[in-house]
Amino acid sequence: MAALVEMKQISKVYPNGVVANRNVDFAVERGEIHALVGENGAGKSTLMKVLYGLEQPTHGEIWLKGARVEIPNPHRAIELGIGMVHQNFMLVPSFTIAENIVLGSEPRKGRFLDRAQAIAVTEMLSKNYGLQVDPTARIEATPVGMRQRVEILKTLYRGADLLILDEPTAVLTPQETDELFVAVRKLVDQGKTVIFITHKLVEVKEISDRVTVMRHGEVTGRVATADVTEADIARMMVGRAVFLQIDKPPVQRGRVVAEVRNLGYVAETGRPMLRNVNFDVYAGEILGVAGVEGNGQTELVEVMTGLRPATTGEIRIDGTPVQGQSARRIRLSGVAHIPEDRLTNGVALDASIAENLVVDRYNRPPFTRRGALSPRAIQTQAVALMQQFDIRAAGPTALMRSLSGGNMQKVIVAREFSAEPALLIAAQPTRGVDIGATEFVHTQLVAKRNEGKAVLLVSADLAEVMSLSDRIAVMYKGEIVGILENGPHLTEEEIGLYMLGLKRDEGARGEL
Amino acid sequence: MSFEVVLQSIFSAAFIATVIRVSTPLILPAMGGLISELSGAINIALEGVMLAAAFTGVVVSGFAPQWFPGAPEWVYALAGGVVGVLVGMAMGWMIAFFHLELKTDIILTGLAMNILAAGGTVFLMFSLTGDKGSTSTLDSAQLPAVQIPLVNNIPILGTLLNGENGAGYNIMSYIAFVLVAVIWVFLYRMSSGVHLRATGEMPDAAQSVGINIRRTRYWALVASGACAALGGLYLSMGYLSIFQANMTAGRGFIALAVVYLGNRNPIGTLIAALIFGTASALGTRLGTMAIPPQLVEMIPPVVTIAALVLYNIRRRARLNAAARRFQEQTEAAHA
């Protein structure tokens, strides 16, 4: 019998010349959980976008149940019984869960919407597949785990037999991940087929029947999961062993660099995003901030760096209050910031590397003399930093836009580290960055710590926080629910309990 | 002139009738602006569309008797109205085409439409009538007024329901209010309206469930042009019976402001349009008294700014109250 889906010799070349897929063969059997793994940028998502009709292959064929099909758009994919749960949720925030589930193919009564039916259908699906949701809640008011269940229900409502889950666990806590796995198994029991995109090897072993591994747009392995170890898969993924262990001398805590007291922030929408946040960051330590995304981490960083005003509370850097000051004043007080959203807050895409490297100091000597910029000093600095931070580009005048994600991040790291800050705030510093650059950023962060700088590391990647931090503050619903000493005794599950709000230390609120 | 007289003239049925007349050419284009705004394609050419439609209506209904003599008067009026709406839809379609197919900036495209309409109407008016100021030499038709029977004998109700002279409101005023209800039903109770809102709020989500974003925005801009055209037609074929150069006087832009003031929903937009209409009517009333006209003309914009400021002060107060409540709660919880 033919495979449920067969993709034959798929190639995808983007107009800018990037080859995302090269002669990829990919097959999924009916009723299996098939893991598709690879590093960021290995071409997994592109391959799945081709299958879902979001991208057209440059060449290659798609066969479904033994017949060749064309999938020019998602609409066609849905008709063919293919559903996709995207990494960034495709939900309308102001609509209710039921409205989102039926969006695009609403039940009708005559010419009008049948809203009662929409809710009934949602409840029925929710019960049949064991995916708990509240049909009348608005998406903007629901937690991430529920949004993901809504996405899955959405595909089921459309009659999907094949579900593509694109990095579904990236935004979930360990407990939510377990729940998801239970739901996925239930789906397969009921005759569905699941493609599970991930780069977490533990999950591959736990959930999948078979696995296809991709690297640099090509398939490097196609095996039954039971036949291989995690290390085998890792080798296929990167072509070399990955060192997740980071060498770090014991912490040598110095003075208090940053003091945050009773910090509160209420968003434009009236929703409180930070509640009574208290912590200190000491010289010579990395304080990690863990938490499911959207629990106030972004706001914390933006308030601390002057991108948003605090509603209440105090922030002191080396004893000087800085809250309510401009981003520039805060920088001058000794704060450096690797922003979460690189493309918006980190770099100017249409400016050169040299310009991006000087943007926080252009108005000081040696870059400005007697009111005029000195191109030579700017050039010299750029050349030196590019070498020191291993930025691979045509030269200092190359546009940021032309760089890969990893090199772009290195430019930001170079600028922020060379500013010689007392406090370095790194938000999601390795998101969307390849393994080489990730290792580099990690090493640099530890080096800064060893030099005696204070580092605040905010990351959604729990493994990253756990392998780098000396202490870990966990945020839940805008509060710090615990500040934990890192060490071999601290487990992911333990942190997960805090991340889910199931556990909290009252001590975390007071003076530390 | 005493203050009392002013108050008397404001709190009267006649004043409310004026408010309705003045608000009509705001409500109609505002509904158009709302539809395109909610689809995620802002239409800043409401002003230009109104102007072009106002002109077209007058010209078509004015020249139609020469081309097709012998038809009853209402046929010419209807022809002017229909062609005016078609011109509005065509302009909406052009914006959509330039923006969606040729990828021009939608603000610049809309701006170009406004300039085109402002210059084009005067140019064509001069070519056709030899006058650059107005079409007063052209005997153009008017859209009919709808008189509600029997109520004219009742003192206040008569004025309220049929206007100051008892002849009834222009049909466009009725269309305006009906349109608000129709658009509300469309947006919240029909799937195509829900698709339109989803397209504007989260295009990726809409696209991923098979909603055609391009087609949705095409239709939204075309419908937006039709609504704005109704507003323009009212000005030249109801409010007045001639076309004057730049007779919209910024109403298309005010309509856009009204959409935001109304919090981007039909009912809010209607209320905002009525607030603005009230301010304009007030201006007209006071204009008959010994108050400098410059001051009087300032009333509508001042009221708009005041409304926006009040709205934001209230919003901020609400935010601060929420923040305070929350701070108290957390303090109480951890005391």
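Caption draft 1: Inspection of the overall build of chain B at higher detail. When you go through chain B residue by residue, the secondary structure sums to 13 helices and 2 strands. Since a compact globule built from 335 residues should have a radius of gyration of about 20 Å, the 22 Å found for chain B is in line with a globular shape. When its C-alpha atoms are laid out on the principal axes, chain B stretches across 85 × 60 × 40 Å. Split into buried and exposed, the 335 residues of chain B put 50% on the buried side. Across chain B, every contact between residues at least 6 apart in sequence was considered, and the portion connecting residues at least 24 apart equals 74%. Total accessible area on chain B is roughly 15700 Å²; 68% of this is exposed by carbon and sulfur atoms.

Caption draft 2: How the structure looks around helix H2 (residues 13-38) of chain B. All names here are of chain B. With 26 residues, H2 should reach 38 Å at 1.5 Å per residue; the first-to-last C-alpha distance of 35 Å fits that figure. Residue Ser23 marks the point of greatest curvature in H2, where the axis turns by about 40°; the proline Pro25 follows within four residues. Summarising burial for H2: 24 of the 26 residues are buried, a large majority. Immediately beyond the C-terminal end of H2, within one or two residues, lies Gly40, with a positive phi of roughly 90°.

Caption draft 3: A look at the nonpolar core. Residues and elements named next belong to chain B. Ile27, Met31, Leu34, Met172, Ile183, Leu233 and Phe243 are the most contacted members of the largest nonpolar core, which has 64 residues in total. Elements represented by at least two residues in this core include exactly H2, helix H3 (46-67), helix H4 (73-101), helix H5 (106-129), helix H7 (171-189), helix H10 (213-239), helix H11 (251-261) and helix H12 (266-287). Aside from chain neighbours lying at most four places away, what touches Met172 is Thr24, Leu28, Leu143, Leu230, Leu233 and Tyr234.

Caption draft 4: Representation of the packing of aromatic side chains in the model. Residues and elements named next belong to chain B. Scanning all chains against the criterion turns up 11 aromatic pairs over all chains. Relative to Tyr174, the ring of Tyr169 has its centre 6.4 Å away and its plane inclined at 65°; by these criteria the two rings are edge-to-face. In this structure Tyr169 comes out as buried when scored by relative accessible area, which is 6%. A relative accessible area of 29% means that Tyr174 is categorised as partly exposed. Ring centres 5.5 Å apart and planes at 40° place the aromatic pair Trp184 and Tyr188 in the tilted group.

Caption draft 5: Geometry of the sheet that holds strand S2 (residues 19-28) of chain A. All names here are of chain A. Read from one edge to the other, the open sheet built from 4 strands follows the order S2-S1-S4-S5, with strand pairing classed as antiparallel. Edge positions in the sheet fall to S2 and strand S5 (67-69), since each of these pairs with one other strand and no more. Ignoring strand direction, the axes of neighbouring strands in this sheet form an average angle of 25°. On top of the sheet, helix H1 (residues 44-51) reaches strand S1 (5-13), S2 and strand S4 (59-64); it is set at about 115° to S1, its chief contact.

Caption draft 6: Focus on unusual backbone geometry. Residues and elements named next belong to chain A. For the bond running from Pro365 to Pro366, omega is 0°, close enough to zero to count as cis. One can find Pro366 in the loop between helix H12 (353-358) and strand S19 (368-369). The phi torsion at Asn276 lies on the positive side, around 45°, for a residue other than glycine. Structurally, the position occupied by Asn276 is in strand S14 (residues 272-282). Of note in this structure, Arg370 is not a glycine but carries a positive phi near 45°. Structurally, Arg370 can be placed in the loop between S19 and strand S20 (372-373).

Caption draft 7: A look at the interface of chain B and chain A. The interface is formed by 26 residues belonging to chain B together with 38 residues belonging to chain A. For the pair chain B and chain A, the interface holds 0 salt bridges. Taken together, chain B and chain A are joined by 6 residue pairs in polar contact (both at pLDDT 80 or more). Counting residues per element, the ones that place at least two in the side of chain B that touches chain A are H7, helix H8 (191-201), helix H9 (203-208) and helix H13 (293-333) of chain B. The leading source of residues in the side of chain B that touches chain A is H13(B), at 7 residues. For the side of chain B that touches chain A, the per-class residue count stands at 13 nonpolar, 8 polar and 5 charged.

Caption draft 8: Just the pattern of salt bridges, in detail. Residues and elements named next belong to chain A. Within this structure, the stated rule accounts for 32 salt bridges over all chains. With its nearest N and O atoms 3.7 Å apart, the salt bridge here joins Glu55 to Lys12. One end of the pair, Glu55, is in the loop between H1 and S4; the other, Lys12, is in strand S1, and 43 residues separate them in sequence. Each member of the pair Glu55 and Lys12 is classed as buried. What you see here is one network of salt bridges that share partners, running through Arg331, Asp360, Arg361, Arg415 and Glu416.

Caption draft 9: View of the pairing of strand S13 (residues 256-266) of chain A. All names here are of chain A. Within S13, 9 of the 11 residues are buried, which leaves it mostly tucked inside the rest of the structure. In this sheet, S14 lies alongside S13 in antiparallel orientation, the contact comprising 7 bridges. Looking across to S14, one finds that Ala258 is bridged to Val281. Where S13 lies against strand S16 (residues 312-317), 5 bridges are found, and the strand directions are antiparallel.

Caption draft 10: View of the domain arrangement of chain A. Residues and elements named next belong to chain A. The domain boundaries assigned to chain A delineate domain 1 (5-238), domain 2 (242-334 + 422-512) and domain 3 (346-420). Between the C-alpha centres of domain 1 and domain 2 there is a distance of 33 Å. Contact with domain 1, which involves 10 residues of that partner, is made by 15 residues of domain 2. Both faces combined, the contact of domain 1 with domain 2 buries some 970 Å², and carbon together with sulfur accounts for 64% of it. Where domain 1 touches domain 2, the interface holds 0 salt bridges.

Caption draft 11: Representation of the sheet that holds strand S11 (residues 210-215) of chain A in the model. Residue and element names in this part refer to chain A. Taken together, 6 strands build an open sheet; the order of strands is S6-S9-S10-S3-S11-S12 and the sheet is mixed. The open sheet terminates on both sides in strands that have one partner only, identified here as strand S6 (82-85) and strand S12 (218-224). Neighbour-to-neighbour, the strand axes of this sheet turn through a mean angle of 15°, independent of strand direction. Of the strand pairs in this sheet, strand S3 (residues 33-37) and strand S10 (residues 193-198) are connected by 5 bridges, and their pairing is parallel. From the neighbouring strand, Ala35 faces S10, where its bridge partner is Phe196. On top of the sheet, H1 reaches S3, S6, strand S9 (162-166), S10 and S11; it is set at about 150° to S10, its chief contact. Running at roughly 170° to S6, helix H5 (residues 144-157) makes contact with S6 and S9 of the sheet.

Caption draft 12: The arrangement of the side chain of B:Thr248 in detail. Residues and elements named next belong to chain B. Tracing the backbone through its elements, the reader meets Thr248 in the loop between H10 and H11. At 2.8 Å, the side chain of Thr248 and the side chain of Glu47 are in polar contact. Look past the residues within four positions of Thr248 in its chain and what remains in contact with it is Glu47, Met50, Leu51 and Leu235.

Caption draft 13: Expanded view of helix H15 (residues 435-450) of chain A. Residue and element names in this part refer to chain A. Helix length check: H15 (16 residues) gives 22 Å between terminal C-alpha atoms against 22 Å at 1.5 Å per residue, within 8%. Taken together, the buried positions of H15 are occupied by Ala437, Thr438, Phe440, Val441, His442, Leu445, Val446, Lys448 and Arg449. The secondary structure elements touched by the buried residues of H15 are strand S15 (286-290), helix H13 (375-388), helix H14 (405-418), strand S21 (423-427), strand S22 (454-458) and helix H16 (462-468).

Caption draft 14: Structural context of the environment of A:Asp232. All names here are of chain A. Following the sequence through the fold, Asp232 ends up in helix H8 (residues 230-238). Here Asp232 falls in the partly exposed class, since its relative accessible area comes to 25%. Along the chain, Asp232 and Leu201 lie 31 residues apart, while their C-alpha atoms are 10.0 Å from each other. Among the polar contacts listed, one links the side chain of Asp232 to the backbone nitrogen of Thr229, at a separation of 2.9 Å.

About the cut-offs
- Residue numbers run consecutively from 1 along every chain, following the written order of its sequence.
- Chain labels run from A onward and ligand labels from 1 onward, assigned in the order the entries are written.
- With pLDDT at 70 or above as the cut-off, local features in this predicted model cover only qualifying residues; side-chain atom pairs require 80 or more to be listed or tallied, and sums for whole chains, interfaces and linings still use all residues.
- Hydrogens and water are ignored here; the side-chain numbers use all heavy atoms of the structure.
- A run of DSSP states H or I qualifies as a helix once it reaches four residues; a run of E qualifies as a strand once it reaches two. Both are numbered from the N-terminal end.
- As defined in this context, the radius of gyration uses C-alpha atoms, and a globule is described by 2.2 Å times the residue total to the power 0.38.
- Burial status follows relative accessibility: with a 1.4 Å probe on protein chains alone, a residue under 20% of its type maximum counts as buried, one over 50% as exposed, and anything between as partly exposed.
- Any two residues whose heavy atoms approach within 4.5 Å are treated as being in contact.
- Accessible surface area values rest on a Shrake-Rupley calculation with a 1.4 Å probe, where residue burial reflects the displayed protein chains alone.
- In this analysis, the expected span of each helix is defined as 1.5 Å times one less than the number of residues it contains.
- At every residue, the bend is computed as the angle between two fitted axes, covering the seven residues ending there and the seven beginning there respectively.
- Among buried residues, those of type Ala, Val, Leu, Ile, Met, Phe, Trp, Tyr and Cys that are joined through side-chain atoms within 4.5 Å constitute a nonpolar core.
- Between the rings of Phe, Tyr and Trp (Trp by its six-membered ring), a pair exists once the centres lie within 6.5 Å; its type follows the angle of the planes, with under 30 degrees stacked, over 60 edge-to-face, and the other angles tilted.
- Between any two strands, pairing holds if DSSP finds at least two bridges.
- Fitting a line to C-alpha atoms yields each axis, with helices limited to the stretch in contact; the angle taken between N-to-C directions then spans 0 to 180 degrees.
- One speaks of a salt bridge when a side-chain nitrogen belonging to Lys or Arg is within 4 Å of a carboxyl oxygen belonging to Asp or Glu.
- Think of a polar contact as two N or O atoms within 3.5 Å of one another; within protein, one of them needs to be a possible hydrogen donor and the other a possible acceptor, and neighboring residues in sequence only count if both atoms come from side chains.
- Put simply, Ala, Val, Leu, Ile, Met, Phe, Trp, Tyr, Cys and Pro go in the nonpolar bin, Asp, Glu, Lys and Arg in the charged bin, and everything else, Gly too, in the polar bin.
- As annotated, the domain borders come from an automatic or database domain assignment.
- What counts as buried area is the accessible surface, traced by a 1.4 Å probe, that two parts surrender upon association, with contributions from both included.

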